[in-house]
Amino acid sequence: QVQLVESGGGWVQPGGSLRLSCLASGFNLDLYNIAWFRQAPGKEREGVSSISSDGYTNYGDSVRGRFTMSKDNVKNTIFLQMSSLKPEDTAVYYCAIDPFDIRDRPLLHPARYTYWGQGTQVTVSS
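Please read these numbers as outputs of a predicted model, since none were measured by experiment.

Caption draft 1: Inspection of the side chain of asparagine 33 at higher detail. Counting through the fold element by element, asparagine 33 comes out in strand S4 (residues 33–39). Asparagine 33 sits in the buried class, given a relative accessible area of 2%. Within polar-contact distance, the side chain of asparagine 33 engages the backbone nitrogen of serine 53 at 2.9 Å. A polar contact is formed between the side chain of asparagine 33 and the side chain of aspartate 101, at a distance of 2.9 Å. In this structure, asparagine 33 is in contact with Ile51, Ser52, Ser53, Ala96, Ile97, Asp98, Asp101, Leu107, Arg112 and Tyr113, ignoring residues within four places of it in sequence.

Written as structure tokens, this is what we have:
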């Protein structure tokens, strides 16, 4: 069984930090492309960060320099460390797995990914 469960979301003030976690079950993270996406009300799903199966890390323009994605292959957990948070970072954050590695689209395109978590809400406000 394949399952992704996000946790760590919540409310923070602008400029604050938060770390999201995604526990993966049913597959080995080391073999697949993995990613974080987010979706705010009324907006399309946006790519946040990805790590390819060969170790390349990519970030969306809006979060580069503020967010850091990592993984623990032993614990089968994906992390997203977020700092210098802004109100525009408010969204539901999802982790995702690409099991096929079909290289006809960017790594931060949501259609590339088959397995998704339920999402965790991040709210940044005063």
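Caption draft 2: Up close: the pairing of strand S5 (residues 46–51). Within S5, five of the six residues are buried, which leaves the element mostly enclosed by the surrounding structure. Here S4 pairs with S5 via five bridges, running antiparallel. If you follow tryptophan 36 over to S5, its bridge partner there is serine 49. If you look at the hairpin formed by S4 and S5, you'll find six residues sitting between the two strands, and glycine 42 has a positive phi there, around 80°. Note that S5 and strand S6 (residues 57–59) share three bridges and pair antiparallel. Looking across to S6, one finds that serine 50 is bridged to asparagine 58. Counted along the chain from S5 to the antiparallel partner S6, the turn is five residues long, and its residue glycine 55 has a positive phi close to 95°.

The rules behind each value
- Residues numbered from 1 in each chain as written.
- Predicted model: local features only at pLDDT ≥ 70, side-chain atom pairs only at ≥ 80, totals over all residues.
- Heavy atoms only, no water.
- Helix = DSSP H or I, 4+ residues; strand = E, 2+ residues; numbered from the N terminus.
- Buried < 20%, exposed > 50% of the residue type's maximum accessible area, 1.4 Å probe, protein only.
- Polar contact = N/O pair within 3.5 Å; in protein donor to acceptor, adjacent residues only side chain to side chain.
- Contact = heavy atoms within 4.5 Å.
- Pairing = 2+ DSSP bridges.

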